[in-house]
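Results of the structural survey
Listed below are the residues making up each chain.
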Amino acid sequence: MRQSLTITRLGAQGDGVADIPAGPVFAPLTLPGEMIEAEVRDGRAEDIRRLTDSPERIVPASPHYGDCGGCSLQHWAPVPYLAWKREQVRLALAREGLTTEVGDTVATAPGTRRRLALHARRGPNGRTLLGFKARRSWRLVAVSACPVADPRLVRAFPALAEVATPFLEHPKSAPTLHVTWTLTGLDVDVTGVERRSGGLSRDAQMRAIETAGRADLARLSLAGETLVMARPPRIAFGPATVALPPGAFLQASPEAEAAMVERAVAAVAGARRIADLFCGVGTFTLPLAAVAPVIAADASAEGIAALKAGAAAPGLKPVTAEARDLFRRPLSPQDLKGVEAVVFDPPRAGALEQTRQIAASAASVVVGVSCNPATFARDARVLVEAGFRLEAVTPVDQFLWSAHIELVAVFRR
């Protein structure tokens, strides 16, 4: 049965929530104050017809809006959209009993995202299609434009479709091209290739290498194993550059990265020794090494090797880097002896045990970087209970028009 619903608020994922006698109903791609008519199935509105529009609704930037599964909030005006992200951070902290100043969300401009995960499928006419998955579906939406992406990535879509074609050799393969724009050109790592039937044939590998040459890729790799490299893909971190290992983690937007690094470096000013935990390839480590000596740790041995090579740049203080699983072997207070400031940027699961070790150390400044406000707030409570004051939190809109929220926070004691 179709029902008329009025959207009252937005949920954590950015979809509208309507309260009716049967309970909350999630209505995708709606805004507070809008009235819709829809079929309601299992608490979700489907076949939505908007009866009224919110004054906060704007024209979406993407021609694929509503079909492509990404950028689902691009119909929302910037001011309320950024304020909503800030409020999600405040609510996450409040659930852990924490209150502090939550700054305005740092905006990221369209056209600045330097990495994308592009799915490849074979179309009905045999042509390779490249794009993103549809909302709540495995169906591929072939894209010709992506307003969040660096235009150099978008211009490469036709060449990348050609690169993807050899990886469709097996009918069960569902390749994903993890594409990164670097200082030396495009770096592409392909995953999702069927392996149980022998993996990619030698012939397909050779065809992939040929297409990489025609596309002028810096490197092409298969699940982290390099197939061909014309030149090392390099990224700048502060005064240094790093050659990225295949499949290495990298912040999606240089603008967002710069905003987080700037706040971290400012917070540790005056420290005589700094620790950077979950350091990756040196996003924070190398700019911090312009301030003071740094000890760095991350589980990726390849990332640590790349960081060490980058740390040889002139003008940097000494960097001691270790490949170490910080979930199984967190740095202890003894390991952190002499460290006055700690920066840590864990994955979405947070870093509860490592946070407990930081809390027990003698560090007086901690900078937390997170992509998950909920696990950040959980870990932040550990530091506050150990005597730290949560001085400030800044949300960062790295993943434009999505419900994803990054943040950087400063603790002192």
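Treat the numbers as computed from the prediction; the structure is a model and nothing was measured.

We now examine the sheet that holds strand β13 (residues 225-229). Strand pairing within a sheet occurs via backbone hydrogen bonds; the two strands may be parallel or antiparallel. If you trace the 7 strands from one edge of the open sheet to the other, you get β9-β8-β7-β10-β11-β12-β13, paired in mixed fashion. In the strand order of this sheet, the two ends are held by β9 (140-142) and β13, each with one partner. Looking at each pair of strands side by side, their axes are set apart by 35° on average, direction ignored. Two strands pair when backbone bridges link them, and strand β12 (residues 219-222) and β13 are joined in this way by 4 bridges, in the antiparallel orientation. Across the sheet, the residue bridging to Leu-220 is Val-228, located in β13. Taken strand by strand, helix α3 (residues 157-164) contacts β7 (115-122), β8 (128-133), β10 (176-182), β11 (185-191) and β12, and its axis lies near 105° from that of β8.

In terms of nonpolar packing, the biggest core is built from 46 residues, with Leu-118, Leu-160, Phe-167, Leu-177 and Leu-220 touching the most fellow members. Considering every element that reaches this core, the biggest residue donor is α3, with 5 residues. With sequence-adjacent residues up to four places away left out, Leu-118 is seen in contact with Leu-130, Gly-131, Phe-132, Phe-157, Leu-160, Pro-175, Thr-176, Leu-177 and Val-179. With 40 residues, the next largest nonpolar core counts Ile-235, Ile-274, Ala-296 and Val-408 among its residues.

On to the sheet that holds strand β16 (residues 274-277), then. Across the sheet, 7 strands lie side by side as β18-β17-β16-β19-β20-β22-β21; this open sheet has mixed pairing. Of all the strands in the sheet, just β18 (319-323) and β21 (389-396) have a single pairing partner and so form its edges. Going from strand to strand, the sheet's axes swing by 15° on average, the running direction of each strand aside. Of the strand pairs in this sheet, strand β17 (residues 294-298) and β18 are connected by 5 bridges, and their pairing is parallel.

It is worth spelling out the pattern of salt bridges at this point. Side-chain pairs of opposite charge can arise whenever the charged atoms involved come near each other. Throughout the structure, instances matching the rule amount to 25 salt bridges. Glu-162 serves as the salt-bridge partner of Arg-214, at 2.6 Å between the closest nitrogen and oxygen. Here Glu-162 lies in helix α3 and Arg-214 lies in helix α4 (residues 202-214), a separation of 52 residues in the sequence. Taking relative accessible area as the criterion, Arg-214 reaches 54% and is therefore assigned exposed. A cluster of three or more residues bridged by salt bridges with shared partners is formed by Glu-34, Arg-50, Asp-53 and Arg-57.

Running from amino to carboxyl end, helix α8 (residues 352-360) crosses helix α9 (residues 373-385) at an angle of 20°, the nearest separation of the two axes being 9 Å. With respect to their mutual orientation, α8 and α9 come out roughly parallel. The two elements α8 and α9 meet at a crossing, and its hand is right-handed. On α9, the residues touching Leu-352, Thr-355, Arg-356, Ile-358 and Ala-359 of α8 are Arg-378, Asp-379, Val-382 and Leu-383. In terms of residue class, the contact of α8 with α9 is made up of 5 nonpolar, 1 polar and 3 charged.

Basis of the calculations
- Residues numbered from 1 in each chain as written.
- Predicted model: local features only at pLDDT ≥ 70, side-chain atom pairs only at ≥ 80, totals over all residues.
- Heavy atoms only, no water.
- Pairing = 2+ DSSP bridges.
- Helix = DSSP H or I, 4+ residues; strand = E, 2+ residues; numbered from the N terminus.
- Axes fitted to C-alpha atoms, helices over the stretch in contact; angles between N-to-C directions.
- Contact = heavy atoms within 4.5 Å.
- Core = buried A, V, L, I, M, F, W, Y, C linked by side-chain atoms within 4.5 Å.
- Buried < 20%, exposed > 50% of the residue type's maximum accessible area, 1.4 Å probe, protein only.
- Salt bridge = Lys/Arg side-chain N within 4 Å of Asp/Glu carboxyl O.
- Parallel < 35°, antiparallel > 145°, perpendicular 65-115°, else oblique.
- Left-handed = near helix turned anticlockwise from the far one by under 90°.
- Nonpolar A, V, L, I, M, F, W, Y, C, P; charged D, E, K, R; others polar.

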